[in-house]
Amino acid sequence: ETGVTQTPRHLVMGMTNKKSLKCEQHLGHNAMYWYKQSAKKPLELMFVYNFKEQTENNSVPSRFSPECPNSSHLFLHLHTLQPEDSALYLCASSRGTGGADTQYFGPGTRLTVL
Amino acid sequence: ELKVEQNPLFLSMQEGKNYTIYCNYSTTSDRLYWYRQDPGKSLESLFVLLSNGAVKQEGRLMASLDTKARLSTLHITAAVHDLSATYFCAVERNYGGSQGNLIFGKGTKLSVKP
């Protein structure tokens, strides 16, 4: 596999379920990101990790819980979500977070909360 | 707070015509990125503009950055159907603890018709 991969590609869950999204990057990067892409809204940054340490939490509700066990893997744990959380969740990676580093995006997970 | 505005948000153009997409942003930054997103796909990096006056060209697309005017343009020359996609600009924060984080515009959905 090359680039940034995400699983699953599609997920339907009830509001009481617990699920996890997985992202893996094969680019040797040190920084990883979660974004939310909703209809009619700009792409929203959720979390940033640099060398496994969280460096940004963009006021994301606690029902979203990120985990970064190493620089190549990033998870987003989901629990008691709301229907308005339905969106495309994109993972990205970059060489670093010091600036001027292109972010490379994965294909996304299309999440539907019933 | 850094805000990024793109216009137009929707653009329908004929093959062979020229057009420009505009990206305005509200606070100082000298790093701007253009991405392309095809329906159901992830974001693909097109251009990285890292200084005032930067100009990059790839095929029928040319991007420029004027940091004094806080404006970037994406110019399309002699459009072809394959250019139909949504184009996003993203401005990089270059201050404080959020250096490197990207703020995205809402995107311009381009449709090129024969």
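This structure is a prediction, so every number in the text was calculated from the model and none was measured. Within any chain, residue numbers begin from 1 and follow the written order of that chain's sequence. As a convention, the first chain written is A and the first ligand written is 1, with the rest following in written order. Owing to the predicted nature of the model, reporting of local features is limited to residues with pLDDT of at least 70; listing and counting of side-chain atom pairs is limited to 80 or more, with chain, interface and lining totals taken over all residues. The basis for every side-chain value is the complete set of non-hydrogen atoms in the structure, without hydrogens or water.

Undergrad: Can you walk me through the environment of Gly59 of chain B in this structure?
TA: Counting from the N terminus, the helices are the DSSP runs of H or I reaching at least four residues and the strands are the DSSP runs of E reaching at least two. Tracing the backbone through its elements, the reader meets Gly59 of chain B in the loop between β6 (55-58) and β7 (61-66). C-alpha of Gly59 of chain B to C-alpha of Thr77 of chain B: the two residues are 18 residues apart in sequence and 8.7 Å apart in space.

Undergrad: When you look at the pairing of strand β9 (residues 87-94) of chain A in this model, what are you seeing that I'm missing?
TA: Moving residue by residue along a regular strand, the side chains alternate between the two faces of the sheet. Residue and element names in this part refer to chain A. We call a residue buried when its accessible area falls under 20% of the maximum for its residue type, exposed when it is over 50%, and partly exposed in between, using a 1.4 Å probe and counting protein chains only. The buried fraction of β9 amounts to eight of the eight residues, a majority that puts the element mostly inside the structure. Burial along β9 is two-sided: the face carrying Ala87, Tyr89, Cys91 and Ser93 and the face carrying Leu88, Leu90, Ala92 and Ser94 are both buried. DSSP-based pairing: two strands are paired if at least 2 bridges between them are found. Two elements, strand β4 (residues 31-37) and β9, share seven bridges in a ladder whose sense is antiparallel. The residue of β9 that forms the bridge with Tyr33 is Ala92. In this structure, β9 lies alongside strand β11 (residues 109-113), joined through three bridges in antiparallel fashion. Each bridged residue has a counterpart across the sheet, and for Leu88 the counterpart in β11 is Arg110.

Undergrad: Help me understand the side chain of Asn50 of chain A, please; the structure alone is not making it clear to me.
TA: Residues and elements named next belong to chain A. Summarising the element assignment, Asn50 is placed in strand β5 (residues 44-50). The class of Asn50 is buried, set by a relative accessible area of 17%. Whether two residues are in contact is decided by their heavy atoms, any of which lying within 4.5 Å being enough. Beyond its immediate stretch of four places on either side in the chain, Asn50 contacts Asn30, Ala31, Thr55, Gly96 and Thr97.

Undergrad: So what exactly am I meant to see when it comes to the pairing of strand β9 (residues 85-92) of chain B here?
TA: Residue and element names in this part refer to chain B. The buried count for β9 comes to eight of eight residues, which makes it a mostly enclosed element. On β9, burial covers both faces: Ala85, Tyr87, Cys89 and Val91 on one face and Thr86, Phe88, Ala90 and Glu92 on the other are all buried. With six bridges connecting them, strand β4 (residues 32-37) and β9 associate as antiparallel partners. Of the residues in β9, the one forming a bridge with Leu32 is Val91.

Undergrad: Is there a simple way to think about the sheet that holds β7 of chain B in this case?
TA: Across a sheet, paired strands are connected by hydrogen bonds in the backbone, their directions being either parallel or antiparallel. All names here are of chain B. Strand order in the open sheet formed by five strands is β1-β3-β8-β7-β6, with antiparallel pairing between adjacent strands. Two strands lie at the open edges of the sheet, namely β1 (4-7) and β6, each paired on one side alone. For this sheet the average axis-to-axis angle between neighbouring strands, irrespective of direction, equals 15°. Sheet topology note: the β7/strand β8 (residues 71-76) ladder contains six bridges and is antiparallel. Each bridged residue has a counterpart across the sheet, and for Ala63 the counterpart in β8 is Leu74. Helix axes use the C-alpha atoms of the stretch in contact, all axes being lines fitted to C-alpha atoms, and the angles between their N-to-C directions lie in the range 0 to 180 degrees.

Undergrad: Just checking my understanding: could you explain the sheet that holds strand β7 (residues 64-70) of chain A for this structure?
TA: Residue and element names in this part refer to chain A. Pairing in this open sheet of four strands is antiparallel, and the strands run β1-β3-β8-β7 from one edge to the other. Here the strands that pair on one side only, and so sit at the sheet edges, are β1 (4-7) and β7. The average angle at which neighbouring strand axes cross in this sheet is 20°, direction not considered. Sheet topology note: the β7/strand β8 (residues 73-79) ladder contains five bridges and is antiparallel.

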